Amino acid sequence: MSALSYVSGDHHSAWSTYLAQVERVVPFLGELEHWVDTLRHPKRALIVDIPLEMDDGSVRHFEGYRVQHNLSRGPGKGGVRFHPDVTLEEVMALSAWMTIKCAALNLPFGGAKGGIRVDPRQLSVKELERLTRRYTSEIGVLIGPQQDIPAPDVGTNAQVMAWMMDTYSMNVGATTTGVVTGKPVHLGGSLGRVKATGRGVFVTGCAAAAKMGLAIASSRVAVQGFGNVGSVAAELFYQHGAKVIAVQDHSGTLFNAQGIDIPALQAWQAAQGKISAFPGADNIDDSAFWLQDIDILVPAALEGQITAERAQQLTCRLVLEGANGPTLPQADDILRARNIIVIPDVICNAGGVTVSYFEWVQDFSSFYWSEEEIDQRLDTIMKHALDAVWEKAQQLNVTLRTAAYAVACERILLARKDRGLYP
Ligand SMILES: NC(=O)c1ccc[n+]([C@@H]2O[C@H](COP(=O)([O-])OP(=O)(O)OC[C@H]3O[C@@H](n4cnc5c(N)ncnc54)[C@H](O)[C@@H]3O)[C@@H](O)[C@H]2O)c1
Ligand SMILES: N[C@@H](CCC(=O)O)C(=O)O
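What counts as what
- Residues numbered from 1 in each chain as written.
- Chains lettered and ligands numbered in written order.
- Predicted model: local features only at pLDDT ≥ 70, side-chain atom pairs only at ≥ 80, totals over all residues.
- Heavy atoms only, no water.
- UniProt positions renumbered as here; feature names shortened; annotations may be inferred.
- Helix = DSSP H or I, 4+ residues; strand = E, 2+ residues; numbered from the N terminus.
- Rg over C-alpha atoms; globule rule 2.2 N^0.38 Å.
- Contact = heavy atoms within 4.5 Å.
- Areas by Shrake-Rupley, 256 points an atom, 1.4 Å probe, with all protein chains shown as cover.
- Lys, Arg positive; Asp, Glu negative; His and termini not counted.
- Charge placed at Lys NZ, Arg CZ, Asp CG, Glu CD.
- Buried < 20%, exposed > 50% of the residue type's maximum accessible area, 1.4 Å probe, protein only.
- Near = heavy atom within 4 Å.
- Polar contact = N/O pair within 3.5 Å; in protein donor to acceptor, adjacent residues only side chain to side chain.
- Nonpolar A, V, L, I, M, F, W, Y, C, P; charged D, E, K, R; others polar.
- Pairing = 2+ DSSP bridges.
- Axes fitted to C-alpha atoms, helices over the stretch in contact; angles between N-to-C directions.
- Phe/Tyr/Trp six-rings, centres within 6.5 Å; stacked < 30°, edge-to-face > 60°.
- Lys NZ or Arg CZ within 6 Å of the ring centre and 35° of its normal.
- Parallel < 35°, antiparallel > 145°, perpendicular 65-115°, else oblique.
- Left-handed = near helix turned anticlockwise from the far one by under 90°.

- Naming follows an unreviewed UniProt entry, where the chain appears as Glutamate dehydrogenase of Winslowiella arboricola.
- The heading Function (unreviewed entry) in the UniProt record of the chain holds the text "Catalyzes the reversible oxidative deamination of glutamate to alpha-ketoglutarate and ammonia."
- Here the chain is described in UniProt, under the heading Sequence similarities (unreviewed entry), as follows: "Belongs to the Glu/Leu/Phe/Val dehydrogenases family."

**A closer look at the overall build of the chain**
Part 1: Helices and strands together make up the secondary structure of the chain, namely 13 helices and twelve strands.
Part 2: Relative to its length of 423 residues, the chain is compact, with a C-alpha radius of gyration of 20 Å against a globular reference of 22 Å.
Part 3: Principal-axis analysis of the C-alpha atoms places the extent of the chain at approximately 55 × 55 × 45 Å.
Part 4: Considering only contacts in the chain between residues 6 or more positions apart, those separated by 24 or more positions represent 69%.
Part 5: Within the structure as shown, the chain displays about 17100 Å² of accessible surface, and the carbon and sulfur contribution to it stands at 51%.
Part 6: In the chain, 37 positive and 45 negative side-chain charges are present, and the distance between their average locations comes to 4 Å.

**Observations concerning unusual backbone geometry**
Part 1: The backbone of Asn 106 shows a phi angle near 60 degrees, a positive value even though the residue is not glycine.
Part 2: Residue position: Asn 106 is located in the loop between helix H2 (88-104) and strand S4 (111-117).
Part 3: Its relative accessible area of 43% is what places Asn 106 among the partly exposed residues.
Part 4: Unusually for a residue other than glycine, Asn 339 sits at a positive phi of about 60 degrees.
Part 5: Tracing the sequence through the fold places Asn 339 in the loop between helix H9 (329-337) and strand S12 (341-343).

**Focus on the site of ligand 2**
Part 1: Around ligand 2, the surrounding shell holds 14 residues, and the nearest of these are Lys 77, Lys 101, Lys 113, Asp 153 and Ser 356.
Part 2: Within the contact set of ligand 2, a nitrogen atom lies 2.9 Å away from a backbone nitrogen or oxygen of Pro 152.
Part 3: Taking Asn 324, its side chain carries an N or O atom lying 3.0 Å from an oxygen atom of ligand 2.
Part 4: Protein burial of ligand 2: of its 300 Å² of free accessible surface, 95% is covered by the chains.

**Some remarks on the site of ligand 1**
Part 1: Around ligand 1, the surrounding shell holds 23 residues, and the nearest of these are Asp 153, Phe 226, Asn 228, His 250 and Asn 324.
Part 2: Interatomic distance of 2.6 Å between a side-chain N/O atom of His 250 and an oxygen atom of ligand 1.
Part 3: Contact between ligand 1 and Ala 301: an oxygen atom at 2.9 Å from a main-chain N or O atom of the residue.
Part 4: Elements with a contribution of two residues or more to the shell around ligand 1: helix H5 (193-212), helix H6 (228-239) and strand S7 (243-249).
Part 5: When the residues that make up the shell around ligand 1 are grouped by side-chain class, the tally is seven nonpolar, eleven polar and five charged.

**Some words on the side chain of Glu 235**
Part 1: One can find Glu 235 in helix H6.
Part 2: In this structure Glu 235 comes out as buried when scored by relative accessible area, which is 12%.

**Remarks on the UniProt feature "site: Important for catalysis" (unreviewed entry) in the chain**
Part 1: The sites that UniProt annotates as "site: Important for catalysis" (unreviewed entry) are Asp 153.
Part 2: Looking at the element boundaries, Asp 153 is found in the loop between strand S5 (148-152) and helix H4 (158-172).
Part 3: A distance of 2.8 Å separates polar atoms of two side chains, one belonging to Asp 153 and the other to Arg 81.

**Thoughts on the sheet that holds S4**
Part 1: Judged by pairing direction, the sheet is mixed, and its five strands sit side by side in the order S1-S2-S4-S3-S5 without closing on themselves. On the outer flanks of this sheet lie strand S1 (44-53) and S5, each paired with one strand and no other. The average undirected angle you get between the axes of adjacent strands in this sheet is 20 degrees.
Part 2: Most of the contacts of H2 go to S4, to which it runs at about 150 degrees, and overall it touches S1, strand S2 (59-70), strand S3 (76-83) and S4.

**Notes on the pairing of strand S10 (residues 296-299)**
Part 1: Here S10 shows no split at all, with Ile 296 and Val 298 on one side and Leu 297 and Pro 299 on the other all buried.
Part 2: Two strands pair when backbone bridges link them, and strand S6 (residues 220-224) and S10 are joined in this way by four bridges, in the parallel orientation. Each bridged residue has a counterpart across the sheet, and for Gln 224 the counterpart in S10 is Pro 299.

**Looking at the packing of aromatic side chains**
Part 1: As enumerated under the stated definition, the model contains nine aromatic pairs in all.
Part 2: Geometrically, the ring pair formed by Phe 289 and Trp 290 is edge-to-face, given 5.0 Å between the ring centres and 85 degrees between the ring planes. This pair shows no difference in class: Phe 289 is buried, exactly as Trp 290 is.
Part 3: Seen in terms of ring centroids, Trp 360 and Phe 364 are 5.1 Å apart; in terms of plane orientation they differ by 85 degrees. Their pairing is edge-to-face. You can see Trp 360 and its partner Phe 364 sitting in helix H11 (residues 351-365), four residues apart, about one turn around the helix.
Part 4: Positioned above the aromatic ring of Trp 369, the side-chain terminus of Arg 377 is 4.2 Å from the ring centre.

**Digging into the packing of helix H3 (residues 125-138) against H4**
Part 1: Packing of H3 against H4 leaves a shortest axis separation of 9 Å and a crossing angle of 45 degrees. The angle between H3 and H4 falls in the class oblique. In the packing of H3 onto H4, the handedness of the crossing is right-handed. Each of Val 125, Leu 128, Glu 129, Thr 132, Arg 133, Tyr 135, Thr 136 and Ser 137 in H3 lies in contact with H4, whose residues at this interface are Val 160, Trp 163, Met 164, Asp 166, Thr 167, Tyr 168, Met 170 and Asn 171.
Part 2: Taken together, the residues of the contact of H3 with H4 break down into eight nonpolar, five polar and three charged.

Structural data, given as structure tokens:
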């Protein structure tokens, strides 16, 4: 294994977490181990400077990235994150998790990710549009409907995707809907995409709960992150009779032992831009979130949230990783020792990229599917992927994460091997 010169070596970074996860699958790769080093090397990493004229006339510079981790199985695919903590190493890890995710679901994509180190909440809509357009032009050398297809992630949404699509289209001189997914439906977006990730979390959660003999309707759930992923997952659990007793976002933590009224919280969040001070629950200390008496935990915010210490404290039986990389490797070991089942990010939150794949296919054929058709296909793919990984975990006697990596890495490395190395 060769270390990358541009990596910090920080053992708590998302990239370190990803590398540790790869390490755990190596004993199960057989002769494909010969190729595993390819997974430790992003194919391309672009750093861009984005000068932005602010509304007051001043100019600020922001750092942006697009990383294509692996392209062995198809064009790069993965979201764009706007967040003040974004770094190159984080984007590398997020792009690598996309490689594993797309292969675990058998989608014809490699893995990519992008981001800008910025707090989008501090920008006006016009500043955000200018920032997005300049970023899109700067990464234009890498993206394209057959090269690399961005999508939403933390801090971005359908509007940001519309600006990206429009900027790319202006630069190439033709409307190119297939360059990004997660667009508004009237601009070539797919029905079902907005709710797809949360829906996938719920569907895989139900399938896992059924295998464990855990009844959703009487379960107690805690959700960290109340954005695109967390709020939809919470809504589906609520609709199916579960009590969502704790919700946390960047502004604070809510608790209601009788269950929080999720539609009311969604309305509050939409109006306030945060969950804190919601009148239908108590505001509790953030650290208390991890101590509640629950059956199911849905981390749906950022990486590294389930530390070894928190893994010891959790009372749940099931963790559904809506977020990418929420569990540190040491915590994974503790959860396994405590018989807490973790449905890993690369399966659990794959509903989003799966419907992104549907969107990309629909854009190419200019033939659009009904929401019912999309939901049915999504549910089938998610359940099938979970079943395959569950069976693999039993066969190898490993966690579901390592089993998912075994399924995915076999596909990626076989593609690498058969494509060969020489130009
Ligand atoms: N959007 C997608 O389609 C998609 C698909 C798969 C995975 N994911 C992953 O899901 C996670 C959430 O993404 P999203 O699209 O819902 O983002 P989002 O921007 O819509 O929401 C993020 C949420 O996390 C909360 N948050 C931020 N910092 C926090 C902190 N320190 N503590 C608690 N909460 C905090 C925010 O308040 C917000 O509620 C990310 O890990 C992302 O990579 C997103
Ligand atoms: N950002 C999302 C969605 C990616 C996509 O749709 O391409 C993820 O992490 O899976």
